[in-house]
Every structure is written in C-alpha cells, then in structure tokens.
Amino acid sequence: MFHSFYSLGVSEFVLLTAMAYDRYVSTCKPLQYPTASSTTVVVLVLMGPDSAGSIWRTCGPPDREAKHCGLTIGVIAVIINVPLPLCFILFTYTKILIISFRSRRNVRRKAAQTCLPHLLVLIIISIIAIIQNMIG
C-alpha cells in the first residue's frame, strides 16, 4: 500500500511538471512550440511518470527484509521527485505571470484561463500531500 500510494503521488507531481512545461512553452515561447514539443520530448515526458514511479518498486513486495530497502529508496525518491518538480512548476508559472503582466489584457485573460485550473489542482494536491505526511 505504501509503495502504491507514494508511486502515484510522485507520478502526479511529474505529470503536473509536464503540464507546467507545456503551458510555459505555449505562453512564453509560442514560436518555438513545435520544436520544444517534438516527438522525442513528448515521449520523454510521457515516460517520466512511469520511470519515477518505478523507483518505488525496485525492492519488491514489502516484507521484513525488503522493508528497510523500500523505505530508504522511498525517502530518496520523495526528496528528488517532489521538490524538484515543484521548484520547476513555480519557476514556469512565475515566468508566465511576468510575461502576462507585461502583455495586453487579452493575453493576460488567456493565460489566466489556461493556467488557473492547473494551479488550483497543484495547490489542492500539495495541501493533501502535506496533510498526509503530517498525519502519517
């Protein structure tokens, strides 16, 4: 249960990072969007959550001998796979906000329409993750 729960959490943060990257490129560098979203980049982004989640499954089922191994790998994976994507997401949305406020009103409205739902999901998932880690 521990492995599945955190594997899904890590995959969720990596997917949110991929969404932030897509919005960053489409808002801040629209002319470079076709090359920045090439087939290779899309495949890497789609494989990222699976490979990040698979770190949790390296020790096998959680029995007495593998429990320590799973916990150690789990802690390392959470340290690497949650703060790094979160920092990247914050960076991309900061850049989007800066560019939006320098632009015309319709650009600001369009950026808000595309970015606000993603930010709300990010905030809700982050709050749930923080509460879950504080409780258990």
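Scroll up to find the structure this text is about.
First things first, this report covers the structure right here in the doc. (Residues numbered from 1 in each chain as written. Predicted model: local features only at pLDDT ≥ 70, side-chain atom pairs only at ≥ 80, totals over all residues. Heavy atoms only, no water.)

1. Some remarks on the overall build of the protein chain
Turning to step 1, where the next piece is worked out: Each helix and strand counted, the protein chain has six helices and zero strands in total.
Turning to step 2, where the next piece is worked out: Written out in order from the N terminus, the α and β elements of the protein chain read α-α-α-α-α-α.
Turning to step 3, where the next piece is worked out: With 136 residues in all, the protein chain has 28% of them scored as buried.
Turning to step 4, where the next piece is worked out: Within the protein chain, counting contacts between residues at least 6 apart in sequence, those at least 24 apart form 73% of the total. (Helix = DSSP H or I, 4+ residues; strand = E, 2+ residues; numbered from the N terminus. Buried < 20%, exposed > 50% of the residue type's maximum accessible area, 1.4 Å probe, protein only. Contact = heavy atoms within 4.5 Å.)

2. Focus: the nonpolar core
Turning to step 1, where the next piece is worked out: If you look at the biggest cluster of nonpolar residues, it comprises 13 residues, and the most contacted ones within it are Tyr24, Ile89, Tyr93, Ile96 and Leu122.
Turning to step 2, where the next piece is worked out: Of all the elements in the fold, those that place two or more residues in this core are helix 1 (2-28), helix 5 (83-102) and helix 6 (105-135).
Turning to step 3, where the next piece is worked out: A per-element tally of this core places helix 1 first, with six residues.
Turning to step 4, where the next piece is worked out: Apart from residues no more than four positions distant in its own chain, Ile96 is found in contact with Arg23, Tyr24, Thr27, Cys28, Ala111 and Cys115. (Core = buried A, V, L, I, M, F, W, Y, C linked by side-chain atoms within 4.5 Å.)

3. Notes on the packing of aromatic side chains
Turning to step 1, where the next piece is worked out: The full count for this structure, using the stated rule, is one aromatic pair.
Turning to step 2, where the next piece is worked out: Judged by centre distance (6.3 Å) and plane angle (45°), the rings of Tyr24 and Phe91 are tilted. Placement of Tyr24 in helix 1 and of Phe91 in helix 5 is noted, with a sequence separation of 67 residues between them. (Phe/Tyr/Trp six-rings, centres within 6.5 Å; stacked < 30°, edge-to-face > 60°.)

4. Here's the deal with the environment of Ala36
Turning to step 1, where the next piece is worked out: If you trace the backbone, Ala36 turns up in helix 2 (residues 33-36).
Turning to step 2, where the next piece is worked out: In this structure the C-alpha to C-alpha distance between Ala36 and Asp22, which are 14 residues apart in sequence, comes to 8.8 Å.
Turning to step 3, where the next piece is worked out: With sequence-adjacent residues up to four places away left out, Ala36 is seen in contact with Tyr21, Val25 and Val41.

5. Quick word on the side chain of Ser126
Turning to step 1, where the next piece is worked out: Note on placement: Ser126 falls in helix 6.
Turning to step 2, where the next piece is worked out: Of the residues examined, Ser126 reaches a relative accessible area of 15% and is grouped as buried.
Turning to step 3, where the next piece is worked out: From its side chain, Ser126 meets the backbone oxygen of Leu122 in a polar contact 2.8 Å long.
Turning to step 4, where the next piece is worked out: Leaving out residues up to four positions away in the same chain, Ser126 has contacts with Phe13 and Leu86. (Polar contact = N/O pair within 3.5 Å; in protein donor to acceptor, adjacent residues only side chain to side chain.)

6. Overview of helix 5
Turning to step 1, where the next piece is worked out: With 20 residues, helix 5 should reach 28 Å at 1.5 Å per residue; the first-to-last C-alpha distance of 29 Å fits that figure.
Turning to step 2, where the next piece is worked out: Of all the residues in helix 5, the buried ones are Pro85, Ile89, Thr92, Tyr93, Ile96 and Ser100. Looking straight down helix 5, one finds its buried side chains confined to an arc of 95°; they lie on one side. Opposite the buried face of helix 5, by more than 90 degrees, sit the exposed residues Leu84, Cys87, Leu90, Phe101 and Arg102. (Expected span 1.5 Å × (residues − 1). Arc of directions from axis to C-beta.)

7. Some words on a nonpolar patch on the surface
Turning to step 1, where the next piece is worked out: Judged by side-chain polarity, Ile123, Ile127, Ile131 and Ile135 come together as a nonpolar surface patch covering roughly 400 Å² of accessible area.
Turning to step 2, where the next piece is worked out: With respect to the helices and strands, the residue Ile131 is situated in helix 6.
Turning to step 3, where the next piece is worked out: Owing to a relative accessible area of 43%, Ile131 belongs among the partly exposed residues under this scheme. (Patch = residues over 30% accessible without salt bridge, like charges linked within 9 Å, V, L, I, M, F, W, Y side chains within 5 Å. Areas by Shrake-Rupley, 256 points an atom, 1.4 Å probe, with all protein chains shown as cover. Salt bridge = Lys/Arg side-chain N within 4 Å of Asp/Glu carboxyl O.)

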